[in-house]
Amino acid sequence: MLHRPKHHPSYLARARKALRYFSICIILGGFAIFAIDRWVTYSTQDQLFHSIEKIPAFDVAVVLGTSKYLGRTLNEYYINRINAAIGLYDQGKVNNFLLSGDNAHRSYNEPWTMKRDLLRAQVPDTHIFLDYAGFRTLDSVVRAKEIFDTDNFLIISQKFHCERALFIANFYDIQAKCLAVPGPTKHSGFKVRFREVFARVKAVLDLYITQTEPRFLGPKEPIPSKDSRLTDERTVIEEKVVTKTNQAIEKNVVNENTAIEEIATETLVESEAIENQPTSLPQATTE
């Protein structure tokens, strides 16, 4: 008997099948990316501020770093963050600043650049703290708690960045809020926002899959709170008062001793004068 030859699927059919699977994967991947982006946004809306006037007082504000210049042009992302920080300090909303950013090399130092601009705005040096290991948003947020020992702080950045920073903070049970400052006015910022979508996917993978830790951790460098600063200042004042009091007492003691010595000397002189006087009166002469 003659057997019919078996027909193998053609390469075209295989390609169609592979393309179909690939398309399904693309659709599912796109849906997952979209879902993650919306998840990050919706889960942090209650922690956002859009106006300085509505912000309560915070002891620490974390300013997330970025480049000051894009080529030869001032970066509006940077300018708006710094201006917001200055406004918060001038209105008494924030006591200390933690400037966190990249310190890739000597000619690029985000924390120090921010510090110079705050100093120019009359923010005291004693209220500015630098985190040179804020290479990523995750590093900046986690190190604020683990290294600088602050668990209730305000973040300053643009809205899309605030949402991702708060998402990370929530994962680590950090009590944080964020001031969403304006973005650029000369362009839409579409490229930055597009990259942010994938940055959020990376953040979810870091937190829930790979459990990525900050690149550098180390000993704690606590930022002194306003209350502890007042306590320290009060202690210094009290120590100064005690020192001056002791000095005054010692001065008075010296003065008293000097006075006693002077009185004793005068008394001795008077005693000697009395002893040197004649013991009998001269007799009266008769004529």
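Residues numbered from 1 in each chain as written. Predicted model: local features only at pLDDT ≥ 70, side-chain atom pairs only at ≥ 80, totals over all residues. Heavy atoms only, no water.

Draft legend 1. Quick look at the overall build of the protein chain. On a plain count of helices and strands, the protein chain comes out with 7 helices and 8 strands. The burial tally for the protein chain puts 36% of its 287 residues in the buried class. With the model as given, the accessible surface of the protein chain reaches about 19300 Å², and the carbon-plus-sulfur share is 58%. (Helix = DSSP H or I, 4+ residues; strand = E, 2+ residues; numbered from the N terminus. Buried < 20%, exposed > 50% of the residue type's maximum accessible area, 1.4 Å probe, protein only. Areas by Shrake-Rupley, 256 points an atom, 1.4 Å probe, with all protein chains shown as cover.)

Draft legend 2. Representation of the packing of aromatic side chains in the model. This structure, assessed with the given rule, holds 9 aromatic pairs. An angle of 75° between the planes, with centres 5.3 Å apart, marks the rings of F171 and Y172 as edge-to-face. A residue is classified by how much of its surface remains accessible, and F171, at 32% relative accessible area, is partly exposed. Plain terms: the ring middles of F194 and F198 are 5.3 Å apart, the flat faces sit at 70° to each other, and that makes the pair edge-to-face. Taken together, the positions of F194 and F198, both in helix α6 (residues 190-209) and 4 residues apart, correspond to about one turn of that helix. An aromatic cluster of three or more residues is present, and its members are W39, F167, F171, Y172 and Y208. Just above the ring of F135 sits the side chain of R215; from NZ or CZ to the centre is 4.5 Å. (Phe/Tyr/Trp six-rings, centres within 6.5 Å; stacked < 30°, edge-to-face > 60°. Lys NZ or Arg CZ within 6 Å of the ring centre and 35° of its normal.)

Draft legend 3. Quick peek at the nonpolar core. L98, V141, F153, I155 and A176 are the most contacted members of the largest nonpolar core, which totals 30 residues. Among the elements of the structure, α1 (11-42), β2 (58-64), α4 (137-146), β7 (152-158), α5 (159-171), β8 (175-181) and α6 are those that each provide at least two residues to this core. Considering each element in turn, this core owes the most residues, 6 residues, to α5. Residues in contact with L98, not counting those within four places in the same chain, are V60, A61, V62, V63, F129, L130, D131, A144, F148 and I223. Core analysis: the second largest hydrophobic core is formed by 24 residues, A85, I86, V94 and F97 among them. (Core = buried A, V, L, I, M, F, W, Y, C linked by side-chain atoms within 4.5 Å. Contact = heavy atoms within 4.5 Å.)

Draft legend 4. Quick look at the pattern of salt bridges. Counted by the stated rule, this structure contains 15 salt bridges. R200 is the partner of D37 in a salt bridge, and the nearest nitrogen-oxygen pair spans 3.2 Å. With D37 in helix α1 and R200 in helix α6, the pair connects residues that are 163 residues apart, well separated along the chain. Side by side, D37 and R200 carry an identical accessibility label, which is buried. A salt bridge links K220 to D149, with the shortest nitrogen-to-oxygen separation between them at 3.9 Å. Here D149 lies in the loop between α4 and β7 and K220 lies in the loop between α6 and α7 (226-276), a separation of 71 residues in the sequence. (Salt bridge = Lys/Arg side-chain N within 4 Å of Asp/Glu carboxyl O.)

Draft legend 5. Region of interest: helix α3 (residues 110-120). Burial in α3 covers these residues: E110, P111, T113, M114, K115, D117 and L118. Buried residues along α3 sit in contact with β2, α2 (76-90), β5 (94-100) and β6 (128-131). With a side-chain oxygen positioned 3.1 Å from the backbone nitrogen of W112, the residue opening α3 is N109. Following α3 by one or two positions, Q122 has its phi on the positive side, about 70°. (Polar contact = N/O pair within 3.5 Å; in protein donor to acceptor, adjacent residues only side chain to side chain.)

Draft legend 6. Focus on the UniProt feature "transmembrane region" (unreviewed entry) in the protein chain. The sites that carry the UniProt feature "transmembrane region" (unreviewed entry) are, in the present numbering, residues 21-40. In the segment residues 21-40, helix accounts for 100% and strand for 0%; the C-alpha atoms at its two ends are 29 Å apart. (UniProt positions renumbered as here; feature names shortened; annotations may be inferred.)

Draft legend 7. Quick look at the state of the cysteines. In the structure shown here, the tally under the stated rule is 1 disulfide. The side chain of C162 participates in a disulfide bridge whose partner is C178; the two sulfur atoms lie 2.0 Å from each other. On the sign convention where negative is left-handed, the bridge of C162 and C178, at about -55° about the S-S bond, is left-handed. Within this pair, whereas C162 is found in helix α5, its partner C178 is found in strand β8, the two being separated by 16 residues in sequence. (Disulfide = S-S within 2.5 Å.)

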